[in-house]
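# Report on the structure
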Amino acid sequence: MNKRLLRYYKKKMYGGRSLAARLIDLVFFRAVIFIILFFAAFYILRSLTLALLISVFITAAVSFAVAIIKRKKALKFMEKDLLRIKKKCLLETLTFMSKEEFAKYINSLFENKFEKIELTSDGFTAQYDKKAAYVLHNYPSGKCEAERVLAILRSFEKNKDVLIISLCEFTEDAKKMCARLPGRIELIPGSEVLKIAGERKMLPDEKTAQENAKKEMEEKIITFEEFKKTAFSRVKIKGYIICGIAIMCWPLISGFKFYYPLIALLCFALAIFTYKKSKTQKQNRQPG
């Protein structure tokens, strides 16, 4: 497994959030779990050592389970996206193939059932399973309009079964028109071509897909400045205040300890500093 690629997909899976942002949330989440467990265990057992051991053990177990779940989720996300890249690679490859190579690939994809293949300016014609076939060698991101489909149908005999294959999708008008016309007219769009290629193992290989995935990567370098920017983001203010209030109120349940006010004071200080920093940044952004 390419670790760098896995990091990229984790970042992509979490909406583009950087490692610094995810790390801060991870530490904050585990800190909250640890504090709640510690206070609960200490309140029940009245033993500082046992409370520490239990809270550390359970927090570690939860962290390990979450890490396994997230890794599996990232691998599944990566597998799905690599399939997307394989399909994208195939369409790009088919688009820039020569007419002869394109006809050969499509014929192979459809189990060599095309007969009497004749190359045209935009693809090829053939006989396929007693049908007249027209395969368009077009650009995949476009649309195959009803006018183009009608022109193809007019080139064949009336009331004849026709198969039209396109690398791009057919418009709704084209589909409705074919449904109204006599004869059996089958339309196979690019998405169906890709589906068939996947079922018959004719997509690009894993190595090619990973190389293309690497090209899509735009990982940011994690710096101390980025870490500070995330830690002192305006959205963290509410979290710091809630954490401070919760710690101030805890002595009402478990009794006063000298370190409670210190931790609460630190949370409030972070909230004030973050608020002032965000306010200064907002003023600096305003035009003078």
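Structure shown above.
Calculation rules
Residues numbered from 1 in each chain as written. Predicted model: local features only at pLDDT ≥ 70, side-chain atom pairs only at ≥ 80, totals over all residues. Heavy atoms only, no water. Helix = DSSP H or I, 4+ residues; strand = E, 2+ residues; numbered from the N terminus. Buried < 20%, exposed > 50% of the residue type's maximum accessible area, 1.4 Å probe, protein only. Contact = heavy atoms within 4.5 Å. Phe/Tyr/Trp six-rings, centres within 6.5 Å; stacked < 30°, edge-to-face > 60°. Pairing = 2+ DSSP bridges. Axes fitted to C-alpha atoms, helices over the stretch in contact; angles between N-to-C directions.

Along the backbone of the protein chain there are 12 helices and seven strands. Considering the protein chain as a whole, with its 288 residues, one finds that 36% of them fall into the buried category. The contacts of the protein chain with a sequence gap of at least 6 include a subset with a gap of at least 24, amounting to 62%.

Across all of its chains, the model carries nine aromatic pairs by this definition. Plain terms: the ring middles of Phe110 and Phe114 are 5.7 Å apart, the flat faces sit at 70 degrees to each other, and that makes the pair edge-to-face. Just as Phe110 is buried, Phe114 falls in that class too. Arranged with centres 5.9 Å apart and planes meeting at 90 degrees, the rings of Phe110 and Tyr128 form a pair that is edge-to-face. Here Phe110, found in the loop between helix 4 (99–109) and strand 1 (114–120), pairs with Tyr128, found in strand 2 (residues 123–128); they are 18 residues apart in sequence, far enough to count as distant. Comparing Phe110 with Tyr128 shows no difference in burial state: the two are buried.

Moving on to the sheet that holds strand 3 (residues 131–136). Taking strand neighbours across the sheet as the criterion, the five strands line up as 1-2-3-5-7 in an open arrangement whose pairing is mixed. The sheet terminates laterally at strand 1 and strand 7 (185–188), the two strands that pair on one side only. With direction set aside, neighbouring strand axes in the sheet form an average angle of 15 degrees. Strands strand 1, strand 2 and strand 3 of the sheet are contacted by helix 4, whose axis makes an angle of about 155 degrees with strand 1.

Shape descriptors only; they carry no functional weight alone.
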